[in-house]
Amino acid sequence: MATTALSAAEIQSELKILNEQAAAPWEIATDKLHKTYQFSDFVEAFGFMTRIALIAERMNHHPEWFNVYRTVVVDLTTHDAGGLSARDFKLASEMDQAANGR
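Residues numbered from 1 in each chain as written. Predicted model: local features only at pLDDT ≥ 70, side-chain atom pairs only at ≥ 80, totals over all residues. Heavy atoms only, no water.

1. Remarks on the environment of Y37
Basically, it comes down to this: Only DSSP runs of H or I covering at least 4 residues are called helices, and only runs of E covering at least 2 are called strands; the numbering of each starts at the N terminus. Contacts between residues were defined by any pair of non-hydrogen atoms, one from each residue, lying within 4.5 Å.
Its location among the elements puts Y37 in strand β2 (residues 32-38). Along the sequence, Y37 and E20 sit 17 residues apart, while their C-alpha atoms lie 17 Å from each other. What Y37 contacts, discounting residues up to four positions off in sequence, is W26, F48, R70, T71, V72, V74, A92, M95, D96 and A99.

2. Notes on helix α1 (residues 8-20)
Test applied: In this analysis, the expected span of each helix is defined as 1.5 Å times one less than the number of residues it contains. Here's how the labels work: a residue is buried when its accessible area is under 20% of the maximum for its type, exposed when over 50%, partly exposed in between, all with a 1.4 Å probe on protein chains only. Think of it as the arc spanned by the lines of direction from the helix axis to the C-beta atoms.
Between its terminal C-alpha atoms α1 stretches 19 Å, which fits the 18 Å expected from 13 residues at 1.5 Å a residue. Those residues of α1 not exposed but buried are I11, L15 and L18. In an axial view of α1, the angular spread of the buried residues amounts to 65 degrees, which keeps them on one side of the axis. Turned more than 90 degrees away from the buried face of α1, the exposed residues are A9, K16 and E20. Close packing links the buried residues of α1 with β1 (27-29), β2 and α3 (86-99).

3. What to know about the packing of α1 against α3
This is how the line gets drawn: Working convention: axes come from line fits to C-alpha atoms, limited for helices to the stretch in contact. Angles between N-to-C directions cover 0 to 180 degrees. Roughly parallel means an angle under 35 degrees; roughly antiparallel means over 145; roughly perpendicular covers 65 to 115; every other angle is labelled oblique. In a left-handed crossing the near helix is turned counterclockwise from the far helix by less than a right angle, and in a right-handed crossing that turn is clockwise. By the convention adopted, Pro, Cys, Tyr, Trp, Phe, Met, Ile, Leu, Val and Ala count as nonpolar, Lys, Arg, Asp and Glu as charged, and the other residues, Gly among them, as polar.
At their nearest, the axes of α1 and α3 sit 11 Å apart, and the two run at 10 degrees to each other. One element, α1, and the other, α3, form an angle in the roughly parallel class. By crossing handedness, the relation of α1 to α3 is classed as right-handed. For the pair α1 and α3, the contacting residues are I11, E14, L15 and L18 in the first and F89, A92, S93 and D96 in the second. In terms of residue class, the contact of α1 with α3 is made up of five nonpolar, one polar and two charged.

Structure (structure tokens):
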């Protein structure tokens, strides 16, 4: 089953829903879902990435991310759909929950 890209209106609707529950907002940057997380130290940041790696592998949907010390920068897109899909918003929600210790 192919994943399809969301329309601009669907993206804005999903972004609004996602950000209602987020401590720090997600944004659209270079046509990707983008967020920067700050943790107390490297171990906490790396632990977050490890938890998300397991979730992403189960979803077969992997983030583009970058880590330096206590900062994790995330960009999400669905390459095979050619843009943002519902899978990106689901993974973003999982990331927020993991970052908040849920």
